[in-house]
Structure formats: structure tokens, C-alpha cells
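These are the residues of each chain, in order.
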Amino acid sequence: MITALVGVQGRLEGQRFPLGRNAVTLGRGDTNDVVLTSRFSSRVHAEVRREDAGFVLHDHDSDNGTWVNGVQVSDHVLEPGDEIRIGDEVFRFETWESATLAGPVDHLDGGSPDVLRVTITGGGPVGLTLALLLDHLMGPRVAVRVHDRRWVRVGDHLEWTTYEKGNVRREQVVTLQSRQYLRLPPHVQERLFADGEDWSQMWPVGPDSIEGAAPRNTPVRFIEDELLELANERSDRITLVPERFDAAEARDDLLQQHVLAICEGGRSRTRDHFADRFGTPDTSMYSVDGEHVQDVVLGLRVASRLPDPTAVLLTVSQNRFLLNSLRGEGFLNMRLTDQEAQEAVGINPVRQMFTACVQSAPCVLERQPDGEFMCETHHTFFLPALLKGSALWARVQEGLRLFGVPADRLTAVTGFRLDMVQRPRFTAQLYPPTRTTPGTHAFLLGDAGNAIHFWPGRGLNSGLASAISLARNLAAVWRGVPLRDADLLRHEAVMAMLQYRHKTRAWRQMVTIDATGRPRTIKGQIARGIAEAEQGAFDRAADTEVLLERLRRNRARLESRVSGLPDDAALRAQLEPLAGPTLHTLVVGGAWDTGNVGGEEVDVDWLLPEPEPAAVPAPATSAAEARVTRRVTGDRPAAAPVPAPREREAAPRTPAPQAQGPRD
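Residues numbered from 1 in each chain as written. Predicted model: local features only at pLDDT ≥ 70, side-chain atom pairs only at ≥ 80, totals over all residues. Heavy atoms only, no water.

Under an unreviewed UniProt entry, the name given to the protein chain is FHA domain-containing protein, and the organism recorded is Geodermatophilus maliterrae.

Laid out in C-alpha cells, this is it:
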């Protein structure tokens with residue numbers, strides 16, 4: 001039995017809050033499981049606990065009372081359909097049998113043993129991509145269920161809940177590499193790239209580019225929207241559940257699943273529930289002088305006036321700022337020192353308390369009409385922007401000048417942490433096969449396995465590669481008999497390679513090696529540059545020439561792959577408005593280590609060639625017609641060309657892993 005409180009009135013309308021073994025509290029305080037906004041609610045207003053009689057609602061002697069079906073209660077045993085009112089917010093107590101959520105999947109004793117049953121936790125780009133890949137490669141041999149609490153049912157399909165209902169959507173522009181996007185199903189590629197307005201090619205072709213196709217920049221929110229719509233259209237084999245997955249409550253259901261794919265992100269509750277199955281992560285590999293290195297990055301949502309080639313050159317020539325955008329609109333990511341990270345907090349002026357909400361979740365602090373930046377979830381303001389003498393805010397303004405961003409085109413502030421660990425394994429057997437259960441294997445994918453953030457899209461590309469790998473492996477080995485560890489060897493090997501390649505790359509963006517051979521954090525180098533500048537130990541003219549020479553070297557390296565790079569006069573003009581301390585900090589912080597992070601990239605094809613896909617029915621409408629149906633946008637420019645699906649080679653390919661033959 002799956003139980004939840006469902007918001008039916010108020011800001012939390014449409015959201016579901018699962019009920020399990022632990023008590024769920026409701027109230028105005030930030031520490032509650034259900035944070036209310038009604039001014040008639042108390043700080044801890046009520047709670048729902050699991051007791052012998054079922055789920056019981058207890059009022060916490062609140063000032064304005066708790067009401068069930070129009071009657072004020074102090075304690076009440078909840079029944080399905082009961083409506084709970086606290087102030088002007090209303091919740092319904094609902095229950096479901098787990099079988100009703102399984103879509104086309106039946107239990108083992110009544111369903112087809114030939115169907116692979118897959119549960120995916122987390123409906124972001126990685127989880128949805130895995131679902132669409134399995135549908136594409138396996139057809140009727142698979143039934144997939146995807147859980148995500150950030151969805152809401154509207155009619156016969158699911159949509160992302162809105163900011164007003166507590167869902168803070170990601171706004172970042174990410175860079176998709178062709179090594180990943182060309183291996184998505186053709187109908188997915190068509191939906192993502194049919195409209196040239198939603199993507200651009202900002203970065204040059206590099207080692208992760210295949211078939212001559214360049215990296216593509218697109219907003220991650222657009223990717224999430226399109227993938228969710230595609231999954232809605234394939235409801236015959238993909239069941240979308242607008243509910244957080246509760247591993248403890250779902251144990252009986254998991255026993256009937258073959259695969260649990262954990263795609264919930266770096267703070268995965270499901271991964272933590274099964275932590276003993278995946279081993280203890282190691283922090284020592286990402287430590288300096290015995291201290292685990294963590295970077296904090298301030299994300300500034302901006303609109304730059306610079307052409308993309310100029311933004312690319314400025315980005316790779318210093319370590320402080322990184323602009324990733326779609327025709328100038330995107331995020332300017334600012335690497336913070338430890339001292340700055342302590343200052344990058346919010347303040348609630350009513351409660352007179354500080355919060356690091358800008359660095360968690362992450363929250364987005366939107367620019368208000370008065371120019372301040374406020375998080376509507378926690379009712380906090382970005383403190384550095386409020387302080388007239390804030391050194392951090394002055395440095396933010398310098399970053400805007402470097403990238404040609406007018407002050408009024410900074411529209412939001414957010415943040416995130418880069419905190420890497422080495423994971424010993426990504427695949428684990430949760431339950432063995434028995435006479436009545438098929439055996440269940442779990443997999444860590446995306447940020448749940450490899451959290452990599454600083455270069456926008458690097459974590460997404462790694463996550464897509466992990467989804468491609470698992471989908472291919474399962475499609476190749478599934479024969480209607482219980483999975484075994486040996487069947488999953490190639491996927492586990494791909495995950496290990498991805499971890500090594502992408503985390504060593506990220507490590508090179510966090511740490512540099514000095515002349516004595518000792519590792520130094522780049523944020524520490526930036527801090528040293530700031531300290532020297534504050535002491536007056538800088539030469540503006542000399543620092544300008546150092547930066548110009550660095551820009552010239554990078555321009556010479558890039559000009560064969562990027563057209564329209566700025567000349568010396570344009571570069572000097574871009575540096576001229578910057579203060580001397582800023583120029584010195586950029587010099588001391590160094591440039592992006594693009595040489596050491598370059599080179600060969602992990603290719604899923606090495607171990608897992610693409611199987612023949614299952615027959616997929618043609619969509620009822622063309623991509624263009626579907627887009628018009630989805631949103632009325634007026635006239636659009638002509639669609640940009642989409643790479644044609646790759647023809648399969650006539651020559652034999654490396655055989656995919658097979659499951660036939662005797663079992664060990």
C-alpha cells in the first residue's frame with residue numbers, strides 16, 4: 001500500500017508527500033517535512049504518524065486548529081479521501097495499491113516472464129532518457145515505471161509542477177556532446193533539435209565530438225520538458241508516477257522488479273537507503289593535504305552582449321568565471337574562495353536569521369522590482385547584494401563587466417557545490433531470485449553515481465552515457481531469465497571508465513600543480529591573488545599584458561575551429577573597464593587547463609555496440625506539428641537541419657554480450 005498527502009488547495013496544490021514509517025510534520029517552520037505558507041499555520045502545526053490503527057493525524061496544540069472534513073480534530077485516524085485543512089491550505093489523504101502504479105507490469109505469478117520490469121527513481125534527463133532508450137531498443141520486451149515527485153497530473157498526461165507550487169526548475173544552459181546526443185533514439189534527437197531556436201553551437205569541435213558534429217548548447221529545462229512529453233506519448237510501455245519513490249515502503253514491489261535504476265541526483269535518498277550494497281565512497285582521492293576539496297560556485301543568470309566566440313576565448317583564458325549561454329543568455333558561473341563561500345548566504349530580515357539556501361537544493365534568488373534578489377521558498381535575500389560595501393558583490397560586478405553584461409541583465413543568483421567522491425561500484429544485487437521473485441539488481445546512474453558539475457553539462461553528458469550503457473547492456477542480455485552479475489560486467493566497466501575520465505577532468509578544474517610538484521587548489525590561487533591585490537602588490541599594466549598574451553595563445557589554438565574570434569584591440573577594450581585587483585586575480589588564478597583535460601574520451605561503443613532497435617511506431621504528428629500543439633509561439637524561423645540517423649554498417653560489428661549458454 002502506498003500512501004501520501006496530496007495538496008488540493010494552496011501553494012502546494014498538486015504536490016504529493018509520501019507517508020511511511022517516519023512521522024511527517026506540517027508547519028510554517030523550514031524544518032518541517034511539509035512547509036506551509038499560510039499565515040494561519042503554526043511553526044510546527046501538526047503531524048501524521050503511522051500507528052497500529054493506521055495513519056493518525058495529531059494536532060500540535062496549534063493556535064488556529066486542524067480540521068478534517070470540516071470538523072476540528074486533535075487526533076484523527078485518517079481514511080482514504082479525508083481532507084485536512086490547515087489555515088487556507090488543504091491536503092487529501094490518499095492510498096494506492098502498488099499494482100495500480102505498475103502500468104503494463106504485472107506481478108510475476110500473473111505477468112509474462114519475458115518482460116523486463118524496470119523501476120526508475122528520478123525523472124530528470126537521465127531517468128527519462130533511460131526509459132526512452134529501453135522503449136526504443138526493447139519494445140514490448142520491457143515495461144518501465146518512472147517516479148518523480150516534481151510532476152503533476154493534468155488530464156491524461158503529466159507536467160512539471162511550477163515554481164509557485166514549490167518546484168524550482170533549473171535554468172542553466174548545458175553543453176551536450178555529440179558522442180551522447182547522436183546515440184539517443186532518432187525521434188528524441190528530432191524533438192530536441194528540430195527547432196534551431198532552442199539550441200546553438202557555441203563551443204568548438206573537440207575530442208568528445210563524433211561524426212563531425214559539434215557540441216550543442218541548450219537549456220536543461222527545455223531538455224526536461226521535451227523528454228517528459230516524449231515519455232507521456234509512450235504510455236503503453238512507460239508509466240510515469242508523480243510520486244517520490246520510497247525504498248522502504250516499496251520493498252514488496254521491488255521484489256517483483258528486475259531492475260531498479262537510481263537516477264535521483266547527488267542527494268539520492270534511494271541510494272542512501274541501499275548504501276551498504278554499493279560500498280563506502282572514498283574522499284581521499286579528491287583531497288589536498290588531507291582535506292577533502294569542495295568548490296562552491298555562484299551561478300549568475302545573465303544576458304551577455306558578447307558574441308559567442310569572444311565569450312569562449314575569455315572563458316578558457318582565466319579560472320574565475322565561466323559563461324555558458326544560448327546566444328548570450330545563460331549562466332555566468334563564478335568560482336568562489338572559501339571566504340567568499342561563507343559570505344554567499346541569504347538573510348531573512350523578518351526572522352533575523354541567515355541561511356545558506358543559495359548553496360543548497362539549489363535555491364534560485366530572483367531579482368525583484370526593487371533590484372534585490374529574493375528566494376521565495378525561504379523568504380530570504382541574497383546578503384552580498386544588500387551590503388553596500390560587500391567586496392564579493394563588487395567582484396560579481398567585475399565579472400559582469402568582463403563578459404559584457406549590463407548590470408540590469410543579471411536577473412537571478414543561485415549556487416552549487418562540487419563535492420566529488422570515488423565510488424567503489426555502481427551495480428549491486430538487492431534481492432536474489434527465488435521461486436516467486438525474479439531477482440532485483442540496482443544501478444547508480446547520473447549524479448547519483450558520479451556528481452560532476454562545474455563545467456555546465458559535464459555531469460549531464462556523463463549521466464546520458466551511463467543511461468546509454470545500461471539500456472544497451474539490458475537490451476543485449478535480457479532473455480527472460482534472472483539477471484546475474486556477469487551479465488552486467490560491461491556496463492559496470494563503462495561506469496568505472498566514466499568515473500575515472502570525468503572525475504579526473506573535474507579534478508584538473510579544481511586543483512593545479514605548482515612548480516615544486518605540490519597540488520594547490522585553484523580557489524586557493526584565486527584567494528592568493530585577492531590578498532595580494534588588497535595589499536597593493538599588483539601592477540595593472542603588467543597584469544593586462546599577461547592576460548593579453550594568454551588570450552593570444554588561446555586564440556591561436558582555437559582559430560582553426562572557431563571563427564569570428566576578437567582581435568587584440570577588441571580584447572584590450574574588454575579588459576580596460578576592469579579594476580587592477582580583478583586583473584591581478586585573473587592572472588594569479590591561471591587559465592583553464594584545457595590541455596591536460598583534453599584527449600581521448602570514453603565511448604560506450606567500445607564495450608556495448610548499439611543493438612538493433614525494436615520497431616517504434618511513427619509518431620502521430622511531425623515534430624513541428626507536435627511543437628505547435630504543445631505551445632503556441634507565433635511564427636518560427638525555419639527549422640535547423642537535424643543529423644540524419646546513422647546507417648548501420650554492412651560489415652559485422654563487435655558482438656554484444658550474450659546471455660545464452662550454460663550458467664556458471
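After presenting the structure, the write-up continues.
Draft legend 1. A look at the pairing of strand E23 (residues 321–326). Among the six residues of E23, six are classified as buried, and the element is accordingly described as predominantly covered. Of the two faces of E23, both are covered, the one formed by Phe 321, Leu 323 and Ser 325 as well as the one formed by Leu 322, Asn 324 and Leu 326. Of the strand pairs in this sheet, E23 and strand E24 (residues 329–335) are connected by six bridges, and their pairing is antiparallel. Looking at the pairing, Ser 325 lines up with Gly 330 of E24. In sequence, E23 turns back onto E24 through a hairpin of two residues, with Arg 327 there showing a positive phi of about 50°. (Buried < 20%, exposed > 50% of the residue type's maximum accessible area, 1.4 Å probe, protein only. Helix = DSSP H or I, 4+ residues; strand = E, 2+ residues; numbered from the N terminus. Pairing = 2+ DSSP bridges.)

Draft legend 2. Broad picture of the packing of helix H12 (residues 458–477) against helix H13 (residues 489–510). Orientation of H12 relative to H13, taken along the N-to-C sense of each, is 170°, at an axis distance of 9 Å. By the criterion of interaxial angle, the relationship of H12 to H13 is roughly antiparallel. Residues Arg 458, Ser 462, Ala 465, Ser 466, Ser 469, Leu 470 and Asn 473 of H12 form the contact with H13, whose participating residues are Leu 489, Arg 490, His 491, Val 494, Met 495, Leu 498, His 502 and Arg 505. (Axes fitted to C-alpha atoms, helices over the stretch in contact; angles between N-to-C directions. Parallel < 35°, antiparallel > 145°, perpendicular 65-115°, else oblique. Contact = heavy atoms within 4.5 Å.)

Draft legend 3. How the structure looks around the packing of aromatic side chains. Throughout the structure, instances matching the rule amount to eight aromatic pairs. Here Phe 55 and Phe 93 contribute two aromatic rings whose centre-to-centre distance is 6.0 Å and whose plane-to-plane angle is 50°, an arrangement assigned as tilted. Here Phe 93 lies in strand E11 (residues 89–96) and Phe 55 lies in strand E6 (residues 54–59), a separation of 38 residues in the sequence. Comparing Phe 55 with Phe 93 shows no difference in burial state: the two are buried. Here the aromatic rings of Trp 151 and Trp 160 are separated by 6.0 Å at their centres, their planes lie at 70°, and the arrangement is edge-to-face. For Trp 160, a relative accessible area of 8% puts it in the buried group. Over the ring of Trp 592 we find Arg 335, and its NZ or CZ is 5.8 Å from the ring centre. (Phe/Tyr/Trp six-rings, centres within 6.5 Å; stacked < 30°, edge-to-face > 60°. Lys NZ or Arg CZ within 6 Å of the ring centre and 35° of its normal.)

Draft legend 4. Focus on the side chain of Gln 509. Its location among the elements puts Gln 509 in helix H13. For Gln 509, a relative accessible area of 9% corresponds to the buried category.

Draft legend 5. Structural detail: the pairing of strand E13 (residues 142–147). For E13, a buried count of six out of six residues is recorded, marking the element as mostly surrounded by other parts of the structure. Neither face of E13 is exposed, since Val 142, Val 144 and Val 146 on one face and Ala 143, Arg 145 and His 147 on the opposite face are all buried. Inspection of the sheet shows strand E12 (residues 116–121) paired to E13 by six bridges, in the parallel sense. Bridging across to E13, Thr 119 finds its partner in Arg 145. Running through helix H1 (residues 125–138), the crossover from E12 to the neighbouring parallel element E13 is right-handed. (Right-handed = clockwise from strand over helix to strand, strands pointing away.)

Draft legend 6. Broad picture of the environment of Asn 554. Here Asn 554 is to be found in helix H15 (residues 540–558). With 238 residues separating them along the chain, Asn 554 and Val 316 place their C-alpha atoms 7.7 Å apart.

Draft legend 7. Seen up close, the environment of Val 604. Tracing the chain through its elements places Val 604 in the loop between helix H18 (594–597) and helix H19 (623–630). Exposure remark for Val 604: the relative accessible area of 5% places this residue in the buried category. Here the alpha-carbon distance between Val 604 and Gln 180, two residues 424 residues apart in the chain, equals 9.3 Å. Once residues within four sequence positions are removed from consideration, Val 604 is found in contact with Arg 183, Ala 465, Ile 468, Ser 469, Arg 472 and Val 494.

Draft legend 8. The confidence of the model for the protein chain, seen in detail. Overall, the predicted model of the protein chain reaches an average pLDDT of 87, with 88% of residues at or above 70. A low-confidence stretch, residues 620–664 (pLDDT under 50), is modelled with 65 contacts involving residues beyond four sequence positions or located in other chains. (pLDDT = per-residue confidence, 0-100.)

Draft legend 9. Focus on the sheet that holds strand E25 (residues 346–348). With antiparallel pairing, nine strands are arranged side by side in an open sheet as E23-E24-E22-E30-E27-E28-E29-E25-E26. Looking at the sheet topology across the chains shown, the edges are occupied by E23 and strand E26 (353–355). The average undirected angle you get between the axes of adjacent strands in this sheet is 30°. Examined bridge by bridge, strand E27 (residues 365–367) and strand E28 (residues 373–375) share two bridges and lie antiparallel to one another. Bridge pairing in E28 places Arg 367 opposite Phe 373.

Draft legend 10. Here's a closer look at the sheet that holds E12. Strand order in the open sheet made by the six strands is E18-E13-E12-E19-E32-E31, with mixed pairing throughout. For this open sheet the edge positions go to strand E18 (238–241) and strand E31 (427–431), each flanked by a neighbour on one side alone. Neighbour-to-neighbour, the strand axes of the sheet open up by a mean angle of 20°, direction not taken into account. Across four bridges, the pairing between E13 and E18 is parallel. When the bridges of E18 are listed, Val 146 appears paired with Leu 240.

Draft legend 11. Expanded view of unusual backbone geometry. Backbone geometry at Glu 211 places phi at a positive 55°, although glycine is not the residue there. Of note, Glu 211 is situated in the loop between helix H3 (186–193) and strand E17 (216–219). In the Ramachandran plot, Arg 327 falls in the positive-phi region, its phi being about 50° despite a non-glycine side chain. As for its position among the elements, Arg 327 is in the loop between E23 and E24.

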